[in-house]
Amino acid sequence: MTDWTASELSALRRAYASGTTRVSYDGKSVDYGTAEDLLARIRTIERAVVGTDRPLPVAGLAGFVRGDK
């Protein structure tokens, strides 16, 4: 397991929010190919911090009513 730092996660989030794919933190620079690659890295670190390797749950309930009855 890799040890991620808070400064790395903050830099990744700032880069994603600003629309860039080049991230610099702790004297390092990384170029991500796409915004999706960058977001995937952010999610990987967030899951590791939470301590789970599964996707975060989505809560919701869908329903419908037929109008003919």
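Up top is the structure these notes are about.
This structure is a prediction, so every number in the text was calculated from the model and none was measured. (Residues numbered from 1 in each chain as written. Predicted model: local features only at pLDDT ≥ 70, side-chain atom pairs only at ≥ 80, totals over all residues. Heavy atoms only, no water.)

Chemist: Outline the overall build of the protein chain, supporting the account with residue identities and numerical values.
Modeler: Scanning the protein chain for helices and strands turns up 2 helices and 2 strands. Start at the N end of the protein chain and walk to the C end: the helices and strands fall as α-β-β-α. Relative to its full complement of 69 residues, the protein chain shows a buried share of 19%. Across the protein chain, the fraction of contacts at a sequence separation of at least 24, relative to all contacts at a separation of at least 6, is 33%. (Helix = DSSP H or I, 4+ residues; strand = E, 2+ residues; numbered from the N terminus. Buried < 20%, exposed > 50% of the residue type's maximum accessible area, 1.4 Å probe, protein only. Contact = heavy atoms within 4.5 Å.)

Chemist: Please provide a residue-by-residue account of the nonpolar core, values included.
Modeler: Nonpolar side chains in soluble globular proteins tend to be buried together. Counting 10 residues, the largest nonpolar core consists of Leu9, Ala11, Leu12, Ala15, Val23, Tyr25, Tyr32, Leu38, Ile42 and Ile45. Mapped onto this core, the elements with two or more residues apiece are helix H1 (6-18), strand S1 (22-25) and helix H2 (35-50). In terms of residue count, H1 provides more of this core than any other element does, 4 residues in total. With near-sequence residues (within four places) excluded, Leu38 lies in contact with Leu12, Ala15, Tyr16, Thr20, Val23 and Tyr32. (Core = buried A, V, L, I, M, F, W, Y, C linked by side-chain atoms within 4.5 Å.)

Chemist: Please set out the pairing of strand S2 (residues 28-31) residue by residue, giving values where relevant.
Modeler: With 4 bridges joining them, S1 and S2 adopt antiparallel strand pairing. Across the sheet, Arg22 pairs through a bridge with Asp31, a residue of S2. Here S1 folds back onto S2 in antiparallel fashion, the turn holding 2 residues, of which Asp26 has a positive phi close to 45°. (Pairing = 2+ DSSP bridges.)

Chemist: Describe the environment of Ile42, listing the residues and the values that go with them.
Modeler: Its location among the elements puts Ile42 in helix H2. Spatially, the C-alpha atoms of Ile42 and Ser10 are 9.3 Å apart, while their sequence positions differ by 32 residues. In contact with Ile42, not counting residues within four places along its chain, are Leu9, Leu12, Arg13 and Tyr16.

Chemist: Account for the pattern of salt bridges, with residues named and values stated.
Modeler: Summed over the entire model, instances satisfying the criterion amount to 4 salt bridges. Between Arg41 and Glu8 there is a salt bridge; the shortest N-O distance is 3.1 Å. Taken together, the positions of Arg41 in helix H2 and Glu8 in helix H1 put the pair 33 residues apart, joining distant regions of the chain. Between Asp31 and Arg22 there is a salt bridge, with the nearest N and O atoms lying 2.7 Å from each other. According to the relative accessible area criterion, Asp31 is exposed, its value standing at 55%. Look at the salt bridges and you will find they share partners, linking Arg13, Arg43 and Glu46 into a network. (Salt bridge = Lys/Arg side-chain N within 4 Å of Asp/Glu carboxyl O.)

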